[in-house]
Structure formats: C-alpha cells, structure tokens
Amino acid sequence: MTLTLVTFLMIVGRCTILIYLVFCVPILTTILYFIFKNDTSVSSPNRELFFKDFHFGGHRGSPERAPENTIASFEKAKDDGCNLVEFDIHMSIDGVPLIMHDDTTERTGNCNLKVEKTTWEVLEAVDLKPVNNVTAKIPKLNETIDWCIENGMKMLFDMKNDNLKLIEIVAEEIRKRNIYDKVMVSSFNPVVPWRLKKIDPKIITGITLDRSYYSYSDDHRQSPFSTNIFTHFWNEILDEINMIIQPLYILPKFLGVDVVMLSFRLISENAIRESNEKGFSVLSWTVNDEDYMRILAKQKVPFLTDISSKVDQKIFKTK
C-alpha cells in the first residue's frame, strides 16, 4: 500500500528519476546478486569428507596447556583427542604468512610489535609468554600445515583480514598440497570466503557469525571497537540488524560458503535445523561449557573449545 501510494505520487509529480530508482534498483541488485554469487557444488564432496568423524577441535590448539597458536599447543590438542586444530593467519611486512591471533604481539609475546609492519626475521625471534612452563615461538603457516598433515589433523584457517596477497597464498597452499578435504577457511570478513571461492571453488569456506561482530573486538564482549558512546551505539544497531537478517541466509548464499560457524551464543536447535535445511553445515565456537558440549554432541554438531583436555569423549559415542 505504501509503495503504491509513493509510486502514484511520483507519477503525478513526474518524478522520473525517482521512478527509475524505485523500480530499477531492486532489479539491478537482484541481477548483480546472481552474477557474482558463488556456488558450492564443487566443494560439497570435500565438505562431506571434512566433517566425517569430526567431533571437536582445539581453538588455537590447547591454549590452557601451551602458548596459543603454536606447534606445542597443537601437539597438546592432539594428545587431548582433537580431530582438528583452528589457528589464525596474519602476514609479515615481507610477505611471510604466520600464525598469530592478534594484529600485535603485545598480549601473547614479550614485546609489542605490529605484525603486518614487522619483518619475519624479527617476528621469528619473539619469545611467546609461557603457559604451564611451556615456551614456544611464532610458527609459519607452511610449517604448521606440514605438522598437521604429518599428524593427521584437520585444519581450520581463521583469516582476520582480506589481504588479497595472503588469500592467494592460502589458496595456493591448499591447491599444491591437494588438501581440499582437510582444510576449511573461515572469517568474520565476508570478502575472504567470497574471494577464495572465486580463486578455487573446491576450497571449503565458512562465515563466522556472532552477535557482536561490529561492536566488540574480543570473544567475551568486553573490548568494544570504539570508546565513543555514539559510535558504539551505532555498531550495536548494526549487530542487531545483522541478527535480524541472518535467518534469511542471504549473505552465506551469496558468498557460497559451505559452513556457518555459529558462536555458542547463537546455537539452538532451530538455528541448527534452519542452517542444515538451507544446505549449510554447522560448526560452533568457542564452547567451554560441558553442558553445551553434550547438547552439541547430541545434535551431531562439532565444536571448537579452549579446554580440549576437559572434553569427555564419551559424549560422542552415546546414541
């Protein structure tokens, strides 16, 4: 009714440009959507193999037992029975892909360096803060992949930014090793999975979803992106809009992702069922509560955890 009234007034007022906008913009948007939309048919067989016998994975390895995102941490995760290790990828200023969650070494290292502004030679020498008397260094991407292949571990690459060079390097690492059914690449940034699928449609991709993508920079929703109250309020509005349109799965369908990575805050039977009905596999993060673990195991939904040593693996064997 409202659209009809607006259209009538525009015709009476001879608002030709507005008439074109009202009718042409939705049509043009729809056409562009289907032109640039990715497809998942090529990667579906790889996804089936990837999720076979995958119950739980170590979020950054086993950060409670060794420094996160290190080979030592991944070894602990394997000892704990993890089927997969998740790690975060950045790149040094001289083009070396490396494993690090933050964009600086301040939180996990003994100094404060901006990763993307520092050479690998300098980053390689950084001592990470010990965890349980375990010390470690920052690993490179290629040596991490080598370790995972040798130890039969599936991998989840979490890419923090849409650096095109890094995206191309990641795609090439997967292609040359032919590990399409052993690696999944996910990101909060929708450009990453969209671009990866354009480069190589066989790669398993995912979009990471949470209630606080725009407003908070940490998993615990304690560090807002902005200290300006108005900016933060606007970011929270964007988060709410994102949650409202999420059940429509418009963005995941356009990106051509295979998996929706749902925060434990978003997990429900309805969310799992709706995702599966739309053709997406579901993976939950970061689950550190034993009750949540049992619920997800019952729903056949794999999850990431920080406390892999505390996962009761009997929950995956119950009918």
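The structure this text deals with has already been given above.
Residues numbered from 1 in each chain as written. Predicted model: local features only at pLDDT ≥ 70, side-chain atom pairs only at ≥ 80, totals over all residues. Heavy atoms only, no water.

Some details on the pattern of salt bridges
Piece 1. Enumeration according to the criterion identifies 19 salt bridges in this entry.
Piece 2. Among the salt bridges present, the one from Arg-107 reaches Asp-102, with a minimum N-O distance of 2.7 Å.
Piece 3. For Lys-197, the salt bridge identified is with Asp-258, shortest N-O distance 2.7 Å. Here the residue Lys-197 occupies a position in helix H8 (residues 191–199), and Asp-258 occupies one in the loop between helix H10 (250–255) and strand E7 (259–263), the gap between them amounting to 61 residues.
Piece 4. Residue classification places Lys-197 among the buried positions, given a relative accessible area of 3%.
Piece 5. Judged by its relative accessible area of 0%, Asp-258 falls in the buried class.
Piece 6. Because the salt bridges share partners, they merge into one network encompassing Arg-60, Glu-68, Asp-88, Asp-102, Arg-107, Asp-158 and Lys-160. (Salt bridge = Lys/Arg side-chain N within 4 Å of Asp/Glu carboxyl O. Helix = DSSP H or I, 4+ residues; strand = E, 2+ residues; numbered from the N terminus. Buried < 20%, exposed > 50% of the residue type's maximum accessible area, 1.4 Å probe, protein only.)

Quick word on the packing of aromatic side chains
Piece 1. Under the definition given, this model contains 12 aromatic pairs.
Piece 2. Between Phe-74 and Phe-87, the aromatic rings sit 5.6 Å apart at their centres with planes inclined by 45 degrees, giving tilted as the arrangement. With Phe-74 in helix H4 (residues 71–79) and Phe-87 in strand E2 (residues 84–91), this residue pair connects regions lying 13 residues apart in the sequence. Grouping residues by exposure puts Phe-74 and Phe-87 together as buried.
Piece 3. Ring centres of Phe-264 and Tyr-292 lie 5.7 Å apart, and the angle between their planes is 80 degrees; on these two criteria the pair is classed as edge-to-face. Placement of the pair is Phe-264 in the loop between E7 and helix H11 (269–277) and Tyr-292 in helix H12 (residues 290–298), with a sequence separation of 28 residues.
Piece 4. Since its relative accessible area comes to 33%, Tyr-292 is described here as partly exposed.
Piece 5. By way of ring pairs, the aromatic residues Phe-74, Phe-87, Trp-147 and Phe-157 are connected into one cluster.
Piece 6. Positioned over the ring face of Phe-50 is Lys-154, at 5.9 Å from the centre of the ring. (Phe/Tyr/Trp six-rings, centres within 6.5 Å; stacked < 30°, edge-to-face > 60°. Lys NZ or Arg CZ within 6 Å of the ring centre and 35° of its normal.)

What to know about the packing of helix H6 (residues 141–150) against helix H7 (residues 164–177)
Piece 1. Where H6 meets H7, the closest approach of the two axes is 12 Å, and the angle between their N-to-C directions is 35 degrees. For H6 against H7, the interelement crossing comes out right-handed. Along the contact surface, H6 presents Leu-141, Asn-142, Ile-145, Asp-146 and Ile-149, while H7 presents Val-170, Glu-173 and Arg-177. (Axes fitted to C-alpha atoms, helices over the stretch in contact; angles between N-to-C directions. Left-handed = near helix turned anticlockwise from the far one by under 90°. Contact = heavy atoms within 4.5 Å.)

As for empty space enclosed by the protein
Piece 1. In this structure the tally under the stated criterion is 1 cavity of 30 Å³ or more.
Piece 2. The computed volume of the largest cavity comes to approximately 50 Å³.
Piece 3. Residue lining of the largest cavity: Glu-68, Asn-69, Thr-70, Ile-99, Met-100, His-101, Thr-108, Leu-128, Ile-138 and Pro-139, and that is the complete set.
Piece 4. Its residues placed into classes, the lining of the largest cavity shows 5 nonpolar, 4 polar and 1 charged. (1 Å grid on protein atoms, 1.4 Å probe; cavity = no way out; pocket = protein on both sides within 12 Å on 5 of 7 lines; lining within 4 Å. Points joined across faces, edges and corners; volume = space filled by probe spheres on them. Nonpolar A, V, L, I, M, F, W, Y, C, P; charged D, E, K, R; others polar.)

Quick notes on the layout of surface pockets
Piece 1. Its volume calculated, the second largest pocket comes out at about 290 Å³.
Piece 2. In terms of lining, the second largest pocket is formed by 16 residues, of which the most central are Phe-54, Gln-299, Lys-300, Val-301 and Pro-302.
Piece 3. In terms of residue class, the lining of the second largest pocket is made up of 9 nonpolar, 4 polar and 3 charged.

Some thoughts on H11
Turn by turn, an α-helix covers 3.6 residues, leaving residues three or four places apart pointing in a common direction.
Piece 1. Among all positions of H11, only Ala-271, Ile-272 and Ser-275 are buried. Looking straight down H11, one finds that the buried residues subtend no more than 100 degrees of arc, so they occupy a single side. More than 90 degrees from the buried face of H11, the exposed residues found are Glu-269 and Glu-277.
Piece 2. Looking at the buried positions of H11, the neighbouring elements they touch are E7 and strand E8 (281–285).
Piece 3. Gly-279 lies just past H11 and shows a positive phi near 95 degrees. (Arc of directions from axis to C-beta.)

Describing the pairing of E7
Piece 1. Among the 5 residues in E7, 5 count as buried, and that is most of the element.
Piece 2. Note: strand E6 (residues 204–209) against E7, 4 bridges, orientation parallel. Counterpart to Leu-209 in the pairing with E7 is Leu-262.
Piece 3. Read from E7 through H11 to E8, the crossover connection turns out right-handed. (Pairing = 2+ DSSP bridges. Right-handed = clockwise from strand over helix to strand, strands pointing away.)

What about the packing of H7 against H8?
Piece 1. Their axes nearest at 10 Å, the elements H7 and H8 cross at an angle of 50 degrees. With respect to H8, the element H7 is oriented oblique. For the crossing formed where H7 meets H8, the hand is right-handed. On the side of H7, the interface is formed by Leu-164, Ile-167, Glu-168 and Ala-171, while H8 contributes Val-192, Arg-195, Leu-196 and Ile-199.
Piece 2. In terms of residue class, the contact of H7 with H8 is made up of 6 nonpolar, no polar and 2 charged. (Parallel < 35°, antiparallel > 145°, perpendicular 65-115°, else oblique.)

Note that all results are geometric; they support no functional claim without further evidence.
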